[in-house]
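# A closer look at the structure
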Amino acid sequence: MKLQIAHIERIVEECYWDYKITPVEIINIADGNDNRLKKKLFEKILHNSSRKLYDLDILFDKVTLKQMFDEFKPSYNMFYIERYVLVLRNLMFGENNRIEALEWEKR
């Protein structure tokens, strides 16, 4: 999957609408060594992106993602975000987390 500036511009528009940040800065954060900034980018995507799985996959490697998912604690909208985290973990890492709210009802 080739990283295109249009993808990063969408991330800036959706996730950093309240900041003045450029697509190049987003790429530098994802490629850099500052874990605090990476964690902030990760959280912004989880809370605001319309394409969470795609955005996380193009910006971070699996090892970094696994570490950030393991350390992540939602600060607001917890029920919604916790469901998304479980779905993303299932899709990205092949885990089998049960998501009761998304299960079929038994008759």
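Residue numbers run consecutively from 1 along every chain, following the written order of its sequence. The model is predicted, so local features are restricted to residues of pLDDT at least 70 and side-chain atom pairs to those at 80 or more, both for listing and for counting; the totals for chains, interfaces and linings are taken over all residues. Values shown for side chains rest on all heavy atoms present in the structure; no hydrogens or waters enter the calculation.

A pair is scored as a salt bridge if a Lys or Arg side-chain nitrogen falls within 4 Å of a carboxyl oxygen belonging to Asp or Glu. Taken as a whole and judged by the stated rule, the model has 9 salt bridges. With a closest N to O distance of 3.7 Å, Lys-66 and Asp-70 form a salt bridge. Of this pair, Lys-66 and Asp-70 both sit in helix 5 (residues 62-71), separated by 4 residues, roughly a single helical turn. Each residue's exposure class comes from its accessible area (1.4 Å probe, protein chains only) as a fraction of the maximum for that residue type: buried when under 20%, exposed when over 50%, partly exposed otherwise. According to the relative accessible area criterion, Lys-66 is partly exposed, its value standing at 30%. One network of salt bridges, with partners in common, ties together Lys-66, Asp-70, Arg-89 and Glu-95. Helix and strand assignments come from DSSP, with helices taken as H or I runs of at least 4 residues and strands as E runs of at least 2, each series counted from the N terminus.

As for its position among the elements, Lys-62 is in helix 5. We classify Lys-62 as partly exposed; its relative accessible area is 40%. Lys-62 sits 31 residues away from Phe-93 along the chain, and the two C-alpha atoms are 8.1 Å apart. The contact criterion used throughout is that any non-hydrogen atoms of two residues lie within 4.5 Å. Not counting chain neighbours up to four residues away, the residues in contact with Lys-62 comprise Asp-57, Met-92 and Phe-93.

A pair of aromatic rings is counted whenever rings of Phe, Tyr or Trp (Trp by its six-membered ring) have centres within 6.5 Å, and the orientation is called stacked for planes under 30 degrees apart, edge-to-face for over 60 and tilted otherwise. Counted by the stated rule, this structure contains 5 aromatic pairs. When the centroid spacing of 5.0 Å and the interplanar angle of 90 degrees are considered together, the rings of Phe-42 and Phe-69 count as edge-to-face. Of this pair, Phe-42 sits in helix 3 (residues 35-48) while Phe-69 sits in helix 5, placing them 27 residues apart in sequence. On the basis of relative accessibility, which here comes to 3%, the residue Phe-69 falls in the buried class.

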